[in-house]
Amino acid sequence: MKKSTISTYIAQPLALWGGIECTVHRVGDQYFDQLQRTGHHHRCDDIKRLADLGLQTIRYPLLWERAAPHRPDQIDWQWADERMQCLREHQIRPIVGLVHHGCGPRYATFERTAFERELPRYARQVAERFPWIDAYTPINEPLTTARFSGLYGHWYPHGRHDKVFAQLLVRECRTTIRVMREVRLVNPAAQLVQTDDLGQTHSSSRLSYQADFENERRWLTWDLLCGRVTPHHPMWGYLRYAGITEADLWYMVENACPPSIIGINHYLTSERYLDHKLATYPKHLWGGNGRHTYADTEVVQAAPEKRVGLEGLIRQTWQRYQMPIVITEAHLGSTVDEQLRYLWEFWQAAEQAKAAGADVQAVTVWAMLGSYDWHCLLTRCENYYEAGTFDVSSGRPQPTELAALVHHLATGKPARHLIPPGRGWWQTANADTPINELVA
């Protein structure tokens, strides 16, 4: 990398993006819609609230399951038309999401081949209706969704096997390639902003082999889209073992669709610790790989001294891909003081990685209107609400203290004075505050 190019990355100021939690997920045979639950579906004026904070870019949903829930040829454009017009009026650039932790509508769920036929068709219609949209996230977090749906059994279709996981992941990535092909027939300059959760797995010495495997697996979304998974790739043998054909893998190589921007979503649950000493952990954290049984928990709880943190993960990503990076989700379900500390930590981490030469372009404040039931990973409907930049629990959005920090960062104003004194609980060596439940 030339020094002049690195200087350009550093000179461009870090931007602040916003995002609205928008998952349409399935529990049993019932679909739940975060936009309905937070009320954003009915409030176009939320967009003005975001614009008033100084935000110029928003990860915004035009979700397939919402627009065409019953038939692919019956698309209701009214909501999308209103929201896209409102975004344009307030000069906000949308990064449009088409599937967000969803499995697709009932007629084309993602364990079926119809998914990869019908989602590109819907994407083409979106692009034709809104040809000015220049950035897409066709499928949010393919690897994470495939793990939760195909390996851990949390989400539909509740698979618990490598074969289900691998089939879902490869189908999501292959569909993403086909989506972008259709979109770029309308707008050749359209960007692929590909998100996924990024952490790192740590372990007791006995389980180092499992940690090594998971630390290779975490890159699969981006590696597949970049066409890197060839016979020399560490995950080629695993994917073949899991039932993916050579033809499917070579398709990804021959039709590579590298992201325009790599989107890193990172949470305190993202860095994991695997421990063979089961007695010190509750049974709901127990899991295994057929060779060993072990607990899978958050490193910030079990071994906080091992935590790499966001800056380290950004550096790893930059070293691996040398592509533009955006932190596409920054959120902590906690008190406002802890949310302030957490966003500030992310901003500093991005600034530091940028100063070291990585092309980090933005940090995204996620779940700006809050979210429901992420405390149990959407596996149940308990109506448990976590506020974000706004609190919508009264039925009308009320700005929290986080809003002032968002405004300062978005408009380039000094913000350090807005951070409460002290350290976040996760920044201490003896953290004992529970965080969101995650069943291994």
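The structure reproduced in this document is the subject of the present report. Model, not experiment: these values are computed from the prediction.

Calculation rules
Residues numbered from 1 in each chain as written. Predicted model: local features only at pLDDT ≥ 70, side-chain atom pairs only at ≥ 80, totals over all residues. Heavy atoms only, no water. Axes fitted to C-alpha atoms, helices over the stretch in contact; angles between N-to-C directions. Helix = DSSP H or I, 4+ residues; strand = E, 2+ residues; numbered from the N terminus. Parallel < 35°, antiparallel > 145°, perpendicular 65-115°, else oblique. Left-handed = near helix turned anticlockwise from the far one by under 90°. Contact = heavy atoms within 4.5 Å. Nonpolar A, V, L, I, M, F, W, Y, C, P; charged D, E, K, R; others polar. Core = buried A, V, L, I, M, F, W, Y, C linked by side-chain atoms within 4.5 Å. Buried < 20%, exposed > 50% of the residue type's maximum accessible area, 1.4 Å probe, protein only. Pairing = 2+ DSSP bridges.

Taken N-terminus to C-terminus, the directions of helix 6 (residues 114-129) and helix 8 (residues 162-186) make an angle of 30 degrees; their axes are 8 Å apart at the nearest point. Here helix 6 lies roughly parallel to helix 8, going by the angle between them. Viewed along their axes, helix 6 and helix 8 form a crossing whose handedness is right-handed. Of the residues in helix 8, those touching helix 6 at Phe115, Glu116, Leu119, Pro120, Ala123, Arg124, Ala127 and Glu128 are Arg171, Arg174, Thr175, Arg178, Val179, Glu182, Val183, Leu185 and Val186. A class-by-class count of the residues in the contact of helix 6 with helix 8 yields nine nonpolar, one polar and seven charged.

Turning next to the environment of Gln167. Among the secondary structure elements, Gln167 is positioned in helix 8. Separated by 138 residues in sequence, Gln167 and Glu305 have C-alpha atoms that sit 36 Å apart.

We now examine the nonpolar core. Taken as a class, soluble globular proteins show a tendency for nonpolar side chains to be buried jointly. Leu62, Tyr122, Tyr136 and Val363 are the most contacted members of the largest nonpolar core, which has 127 residues in total. Sorting elements by how many residues they give to this core places helix 8 first, with 10 residues. If we skip the residues at most four places from it in the chain, Val363 touches Leu14, Ala15, Leu16, Trp17, Ile327, Ala330, Leu343, Phe346, Trp347 and Ala350.

This part is about the sheet that holds strand 13 (residues 325-330). Here we have eight strands rolled up into a closed barrel, ordered 1-4-5-6-7-9-13-14, and parallel in their pairing. Neighbour to neighbour, the strand axes of the sheet diverge by 25 degrees on average, direction disregarded. Pairing of strand 6 (residues 135-140) with strand 7 (residues 191-197) involves two bridges; the strand directions are parallel. By the bridge assignment for strand 7, Ala135 is matched with Gln191. The strands touched by helix 15 (residues 336-355) are strand 1 (15-19), strand 13 and strand 14 (360-365); relative to strand 14, the strand with the most contacts, the crossing angle is about 175 degrees.

By the criterion of burial, strand 4 (residues 57-61) is predominantly enclosed, with five of the five residues buried. Alternating positions in strand 4 separate into two faces, Thr57, Arg59 and Pro61 on one and Ile58 and Tyr60 on the other, with burial throughout. With two bridges joining them, strand 1 and strand 4 adopt parallel strand pairing. Looking across to strand 4, one finds that Gly19 is bridged to Arg59. As defined by bridge partners, strand 4 adjoins strand 5 (residues 93-100) across five bridges and the pair is classed as parallel. Paired with Ile58 across the bridge in strand 5 is Pro94.

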